[in-house]
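# Structural overview for review
For reference, the chains in residue letters:
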Amino acid sequence: MSALKDPLPYDKTSPEDILRYSKLLEGTTFKNVLDNCGPGCRFRDDKGKGRLGQLLEECHFFYMPNSDMKADFEDAGVELKTTPIKRLKNGKIRAKERIVLSIINYMEIVDERWEDCSLMKKSSLLLLIFYLFDRNLKRLDYKILKVLLWQFSDTDLMIIHQDWINIVNKIREGKAHELSEGDTNYLGACTKGIDSNSMREQPFSEIRAKQRAFSLKQCYVNSIISGGFDDAESVIKNVDELKNKTFEEIILSKLDIYSDMSVDDIDRKVGYMQKMNAKNHYALLAARMLGLKKDRIAEFEKGDISIKTIRLKKDGTPAESMSFPAFKYLDIVDEVWEDSRFYEFLTKRFFFMVFQEDDLGILHFKKGMFWAMPSKDLEEAKTVWEETKRRVLADIDNFPKSSESHVAHVRPHGRNKADTYETPSGKNWTKKCFWLNAGYIKEQIGK
DNA sequence: GCATGATCATGC
DNA sequence: GCATGATCATGC
């Protein structure tokens, strides 16, 4: 850390004093910070370039941004993260993005151990500066709302530890190119680069892999902002549970006792008395089967893990394909694959609740299963998405069918056929969405 | 029995 | 009223 002011207006060796000094930022804008900075400041004639985090580093904390390996406030072991939050239509506050912690160096990380890994050396204590994003304002007018010093809880840290191992092991297996954010719970390996072509070499495979960084998932950041999800309940009550089992193993073992049990029996066993025809009946049941009193599972929310119900027919084929939210024709034509809504969904982590129909047509719980889409199937989904975008642009209301790809297809998804979205050519077409083919789901469940 | 079109139930 | 997850209905 090279100081731009001497003496510094805070004690750079003390996390508490750094926090005290940082708190002065609450309620101010970046412009305010700039106005209080010296005349020679390089952010003065900000043309929209440069980063807001750097502005704070130089103009509020008076040091030059350092290299990647060390924490920003090295002497205090504090890493600074300046990150946007957004306000929803209902007034609630949410993270706008994931928080990127550090680039994953594929060549070196395979030799690291968790106990002294580069990630935690840098990111175990985070100074989080949240500012409110507003598309109607200039960047310098964004307001800093909240500053806090963040340290992971023991339980979260254990889950992040397991996530780290999963990511590093995949690289050790020569599969850096197959990494997905859906592989892990709180700590994700997100893509990071100027474009999707920033490829990197990896140690145990000739295949070049996208550059990725460790990051805290957006939903995890939400839990930081809201101080934990008040309405959600944790499955893991005590950190000791994670000493001998992974998070995934705990979840699956809790569900084991329900294996082959009929839905009626499960309902009785967990004392569940909801309307049986509710379409989210089985998803709600999952929380009860995991021993919760509420419907919302804290770990799944923080990890952005979507529960999907799969009903298998007698022959083991899913009764239905899997739907996703309807896409807007006006949106998809402006998207590129890596930033598209469908891509965002498919790179998530899923939890499948699988039920099997017996000879009498009664549903029995079969198993729970964590799932992320394999990267080669993601490539296939991309072709379906590209073709869909092409047809919207060409004004063709006839989309990829399940016979055109073994992974995904497009089908109506609205309240009825009169439920429409506008198209670029000004027409109104029935709302549609991407579906994962039933046959593809079957194949994935078999793994 | 599958592929595709159409619609339902809920929560916010 | 609408977005979302899920399921129903029909024709071949």
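Procedures and definitions
- Residues numbered from 1 in each chain as written.
- Chains lettered and ligands numbered in written order.
- Predicted model: local features only at pLDDT ≥ 70, side-chain atom pairs only at ≥ 80, totals over all residues.
- Heavy atoms only, no water.
- Core = buried A, V, L, I, M, F, W, Y, C linked by side-chain atoms within 4.5 Å.
- Buried < 20%, exposed > 50% of the residue type's maximum accessible area, 1.4 Å probe, protein only.
- Helix = DSSP H or I, 4+ residues; strand = E, 2+ residues; numbered from the N terminus.
- Domains from an automatic or database assignment.
- Contact = heavy atoms within 4.5 Å.
- Buried area = accessible area lost by both parts, 1.4 Å probe.
- Polar contact = N/O pair within 3.5 Å; in protein donor to acceptor, adjacent residues only side chain to side chain.
- Nonpolar A, V, L, I, M, F, W, Y, C, P; charged D, E, K, R; others polar.
- Pairing = 2+ DSSP bridges.
- Axes fitted to C-alpha atoms, helices over the stretch in contact; angles between N-to-C directions.

What follows is about the nonpolar core. Core analysis: the biggest nonpolar cluster contains 64 residues, and Trp164, Ile171, Phe214, Leu216, Phe247, Ile251 and Met289 have the highest contact counts within it. It is helix α6 (residues 154-172) that provides the largest number of residues to this core, a total of six residues. Core analysis: the second largest hydrophobic core is formed by 34 residues, Phe327, Tyr329, Ala381 and Phe399 among them.

Parsing chain A into structural domains produces domain 1 (15-226), domain 2 (231-303) and domain 3 (306-447). The centre of domain 1, based on its C-alpha atoms, is set 32 Å off from the matching centre of domain 3. Counting residues at the interface gives 12 residues for domain 1, matched by seven residues for domain 3. Summed over both partners, the interface of domain 1 with domain 3 comes to about 660 Å²; 36% of that surface belongs to carbon and sulfur atoms. Put simply, domain 1 and domain 3 have four residue pairs in polar contact (both at pLDDT 80 or more) between them. A breakdown of the residues in the side of domain 1 that touches domain 3 according to their chemical character gives no nonpolar, seven polar and five charged.

A separate point is the environment of valine 235. By the element assignment, valine 235 lies in the loop between α7 (218-225) and α8 (241-244). A sequence separation of 57 residues divides valine 235 from leucine 292, and the C-alpha atoms of the two residues are 6.9 Å apart. When neighbours within four sequence positions are excluded, valine 235 is seen to be in contact with Glu241, Ile251, Lys254, Leu290, Leu292, Ile297 and Glu299.

A separate point is the sheet that holds strand β4 (residues 93-95). Spatially, β4-β3-β6-β7 is the arrangement adopted by the four strands of the open sheet, whose pairing is mixed. Bordering the open sheet on either side are β4 and β7 (143-151), each of which pairs with just one other strand. Here the average twist between neighbouring strands, direction ignored, is 35°. As judged from the eight bridges shared by strand β6 (residues 125-132) and β7, these two strands associate in the antiparallel manner. Bridge pairing links leucine 128 to leucine 148 in β7. Along the sheet, α7 makes contact with β3 (79-87), β4, β6 and β7, crossing β4 at roughly 140°.

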